Each structure stands twice: as structure tokens, then as C-alpha cells.
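Okay, here's what each chain looks like letter by letter:
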Amino acid sequence: MNRSQLLRRAAGAAAATALGGASAPYAFAGPLRYTGRWLAGDLSVVQWAHFVPAYDVWFRKWAREWGEKNDVDVNIDLEPYTDLPALAAAEVKAQRGHDIFGFLSPPARYESQVINHGAIVRHVENAVGPYGELGERSTYNPRTKKYFGVSDYHVPAPLIWRHDIWNDLGHSPATWDDVRDAAAALKENGHPIGIGQANEPDSNVALISLLMCFGSFVQDESGALTIDSERTVEAVEFMADLQSRGGESTVFDWNAASNNQFVLSGKGSLILNAISPIRRADDLGMPFAPELWIWPIPAGPGGRMSLGQYTSVYSVWQFAKNREAAERFVADVCLAAAASTPASNFFNFPSFPGAYPTKQIYKAASANRRRPKGKYSILTTVASQYTRNIGYPGHANAAVQETLDRFLVPQMFAQVSQGRSSAEDSVRATAAEMTRIWKKWRAAGKI
């Protein structure tokens, strides 16, 4: 059989092919090249330099051992995550580079440049059960029936707030109305609220999460654009009011590190973000570290939902030199969640839930002795109940990705919060620009 036939045969197989009385661990892998070995050659991988250094230590060790086991020389490049988009574009333009590219958001615009990862997904599902909804919707295009990547983990973005500061006022940020009601007093006490409205990724996450809490979505389940709605106008007006009452004045110029710095300075009273500032405060022994609490996003009139801060997606380029090794490597990373999740200090949560079940994660996270005791265990609730994929309730797609890459949502909010436009006009103008984006990608056959 040629490789294409082997892939089709493997997809429908109930068990791996047996060799010498032993089960072959990966039905989609190519034939043996050496006695007792499956793969050979070189394999190159690039991904972000993780916020948690211990994860990179674990990953390098795991990749080295994987390479030794499979007779593959694995080269890992770790880059600042802000450099990854430009690097991906450069590799596509040159049609050469790494075999595996580790993205931190769904790379839907590169669908034509990557393999169909369906065989990898099916293999992992055969081993540990179904792909999680967030991972599935982040990597599968229902229009083209293609997986343009595989997500090994996602990073929840909970509410991070100063319990002592809020408690002194007799408030808690359970709902967005509670946040607005407390905003003026918080700012007067020198502790404003920090919700970014700038051209940077964290602002995308926070503001789209706010939209969802108000029942507003970028698109519907079918992928049709739905941003132009009364609920969007309501959310934009709410944010402008919140900002005027008690928002940090610099949020319009924030960069990717600003909300972490805002909290760690001792000034910030509330942000939406991954747990990075809390972990840093714990590591540094900052006096207010025990007062940094984690909650799910405040509830709004549309419920309680938030985007993940990051969605890790591995994609194998069409021009990869060692495709067979790349496919197996990606599958094995997904299956290693029981080791990789603790190695990340519970920054990462598996996109295949069966690879490390929620109950086990909760138990492990609860063992953390940082005060308040067990504070990291609530991340399991945030991840499993309230975290949604980019493009929810539809799938991630190239139009959504372009909208985020151009920071159209933060600009829509900032125009109103800075008094340069009415909410109705800002939403209408943003919807018009997004309509052009949707039209382009629909014409390309991608949505």
C-alpha cells in the first residue's frame, strides 16, 4: 500500500497493526525503517517559550527521550510568543522551515499550507476518548472537512482580583453589574480596574469574553457574522461606562505584558487573564500574593463565558520534511497531558479531556499549599464549564482569525470609551469591515 491507502486503512481500524506479536503503537505511522524502530531522521519543532520555565524543561526532556526511543533527532526552538505570527508567515512564504509549528491561536488562515490532521485526531481519540469541544472547534473546518491542526492544550483566562481591596469595600466581582458598582470606589482608593482596549491579544480575549457575557457573538454556529446587534451595542456602552467610572487610564496603550504588570505593581484590583501574574507573585513572595484570588468571569445578562487566553495548536506544514515523525510526535504530545499539565503548574489544560481527566487535575491542583489553600483548583471549573473557543458558538475560521489579528474588537470598544464615537456607530462601522472579511474568506471557500 502507498501511504495514502495506509492512512485510510488506519482510520477505520479498531486496533493497531500487529508486528511480531506486539501491537504497533501508531497505525498511521509509516513502515519500519530499522529493526525495532518506527521512525528515523530529523524533526524540527518551533513553539513559544512558555511562561512557566518548568514546562519548557519538561518538554525538552520529553522530546529528547521521545527522539531516542524513535531514532529521531528532535530539534526544539522556543521563541517569544509575540514573534510566532511573523515567523509562521515567513516560513509559508519561503515554503520551508520547521516540520511542526506550535501556534497559540487557531491557525485557520494557513489551512491550505498544512496537512489534514484527521488521522492524528482519530488516533488520540482511540487512545483516550473524544476530542474536547474547544479543541475540535479550534482546529476543524466544517466547510472543507479538514483538521488544520491538533490542539494539545488550552489556557483558561479566569478573573483575577484583589480580595483584600474588594473586601474592604464590602463588594465582590460576581457579576458585571457588581464590577461597575464598585468601580468608582476602587479607583478612588487607588486601585482601578484593568480591562485592556488596545491592539494586543489580551484585549481581544477580555473584550470578546465580555461580549459573550452580554449575549453577543462574533458569529453564529453556522459561521454567519452576527456582531451587529443590540447586545453588542449594550456591551460596548457598558464598557465605556465602566471605564469612565473606574478603569485604568492607560488601557488604550497596553501591550501583551501590561495587565500582568498592572497587577504585580500592587495597583490593579481586577483583570481577566491567565494565572501568570498570580504564579509570578507567588514565586516572588509578594506580600499581597495570598490576596490574588481566582474566579470565573463575572456573570452578565447573557451568562458566564470567556475565551481561553491561549489555544495551543500544533500544525504540520505541507512542506515538512519528516511528516511521519511529525504526526507521531504531535499525537504523543497530546497523550502526555498527565505529565505536561502539572509541569505547566496548571497553566495548561488538556484539549483531549480523557488524557488527564478533570477530577485528577482538581485533586492535583488542590494539593498546592499557596494561600488561600487550593486556590488553583477553581481553574478546573473555569476550564471545563466556562471557557469557549475562538469563534464560539461556531468554529474558529480564517475570518475570525483576521478579525483578531487586526484587533477590530478592541478598536470598536476604544472608540466609544474614548468618546470618539457612539456605540451604535462604532458597532456599525466594525460590522461593515468584518462583513468584507467574511465575504473574502467565503469566496475563498474557507467558511
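The structure presented is a predicted model; accordingly, all values stated were derived computationally and were not measured. (Residues numbered from 1 in each chain as written. Predicted model: local features only at pLDDT ≥ 70, side-chain atom pairs only at ≥ 80, totals over all residues. Heavy atoms only, no water.)

### Details of the sheet that holds strand β3 (residues 41-48)
Pairing is mixed in the open sheet, where six strands are placed in the order β4-β3-β5-β13-β8-β14. On the outer flanks of this sheet lie β4 (72-79) and β14 (349-350), each paired with one strand and no other. Relative to strand β13 (residues 310-316), strand β8 (residues 150-155) runs antiparallel, the two being bridged by five bridges. Each bridged residue has a counterpart across the sheet, and for His154 the counterpart in β13 is Thr311. (Pairing = 2+ DSSP bridges. Helix = DSSP H or I, 4+ residues; strand = E, 2+ residues; numbered from the N terminus.)

### A closer look at unusual backbone geometry
A cis amide bond, omega 5°, links Tyr392 with the succeeding residue Pro393. Relative to the helices and strands, Pro393 resides in the loop between β15 (387-388) and α16 (398-405). The backbone phi angle of Asp71 is positive, close to 60°, even though this residue is not glycine. Take Asp71: its relative accessible area is 31%, and that puts it in the partly exposed class. In the Ramachandran plot, Lys145 falls in the positive-phi region, its phi being about 60° despite a non-glycine side chain. (Buried < 20%, exposed > 50% of the residue type's maximum accessible area, 1.4 Å probe, protein only.)

### Section: the packing of helix α2 (residues 53-70) against helix α12 (residues 323-335)
Across the interface, α2 lies against α12 with an axial gap of 12 Å and an inter-helix angle of 130°. Here α12 runs oblique to α2, going by the angle between their axes. Between α2 and α12 lies a crossing of right-handed hand. Every residue of α12 that contacts α2 at Phe59, Trp62, Ala63, Trp66 and Asn70 is listed here: Ala325, Arg328, Phe329, Asp332 and Val333. Grouping the amino acids of the contact of α2 with α12 by side-chain chemistry returns seven nonpolar, one polar and two charged. (Axes fitted to C-alpha atoms, helices over the stretch in contact; angles between N-to-C directions. Parallel < 35°, antiparallel > 145°, perpendicular 65-115°, else oblique. Left-handed = near helix turned anticlockwise from the far one by under 90°. Contact = heavy atoms within 4.5 Å. Nonpolar A, V, L, I, M, F, W, Y, C, P; charged D, E, K, R; others polar.)

### Section: the packing of aromatic side chains
For the coordinates displayed, the defined rule picks out 31 aromatic pairs. On the numbers, 5.8 Å between centres and 65° between planes, the contact of Phe101 with Trp317 is edge-to-face. Taken together, the residues span a long stretch of sequence, with Phe101 in strand β5 (residues 100-103) and Trp317 in the loop between β13 and α12 at a distance of 216 residues. As far as the burial class goes, Phe101 and Trp317 line up, both buried. Aromatic pair Tyr131 and Tyr147: ring centres 6.3 Å apart, planes at 40°, arrangement tilted. One end of the pair, Tyr131, is in the loop between α4 (118-128) and α5 (133-139); the other, Tyr147, is in strand β7 (residues 146-147), with 16 residues separating them in the sequence. The burial state of Tyr131 is the same as that of Tyr147; both residues are buried. Counting every residue linked through ring pairs, the aromatic cluster contains Tyr55, Trp58, Phe59, Trp62, Trp66, Tyr153 and Phe329. The residue whose ring lies beneath Arg279 is Tyr376, and the NZ or CZ to ring-centre distance is 3.7 Å. (Phe/Tyr/Trp six-rings, centres within 6.5 Å; stacked < 30°, edge-to-face > 60°. Lys NZ or Arg CZ within 6 Å of the ring centre and 35° of its normal.)

### Some words on the sheet that holds strand β11 (residues 292-295)
With antiparallel pairing, the three strands of this open sheet are ordered in space as β10-β9-β11. In the strand order of this sheet, the two ends are held by β10 (270-272) and β11, each with one partner. Strand-to-strand twist across the sheet, computed as the mean angle between neighbouring axes with direction ignored, equals 20°. Taken together, the four bridges between strand β9 (residues 159-162) and β11 define a ladder with antiparallel strand orientation. Bridging across to β11, Trp161 finds its partner in Trp293.

### A word on helix α17 (residues 408-417)
Summarising burial for α17: eight of the ten residues are buried, a large majority. All buried positions along α17 are accounted for by Leu408, Val409, Pro410, Met412, Phe413, Ala414, Val416 and Ser417. Structurally, α17 contributes buried residues whose contacts are with α8 (201-213), α9 (230-246), α16 and α18 (423-443). Residue Gly419 follows α17 closely and has a positive phi angle near 75°.

### Quick word on the nonpolar core
Within the largest apolar cluster, 137 residues are counted, with the highest numbers of intra-cluster contacts made by Trp176 and Phe329. Of all the elements, α8 adds the most residues to this core, at eight residues. (Core = buried A, V, L, I, M, F, W, Y, C linked by side-chain atoms within 4.5 Å.)

### Some words on the side chain of Asp202
Its place among the elements puts Asp202 in helix α8. No salt bridge is formed by the buried Asp202. Its closest oppositely charged neighbour is Arg280, at 13 Å. Engagement of the side chain of Asp202 in a polar contact is seen with the side chain of Gln309, the distance being 2.5 Å. Setting aside anything within four residues of it in sequence, one finds Asp202 in contact with Ala256, Asn259, Asn273 and Gln309. (Lys, Arg positive; Asp, Glu negative; His and termini not counted. Salt bridge = Lys/Arg side-chain N within 4 Å of Asp/Glu carboxyl O. Polar contact = N/O pair within 3.5 Å; in protein donor to acceptor, adjacent residues only side chain to side chain.)

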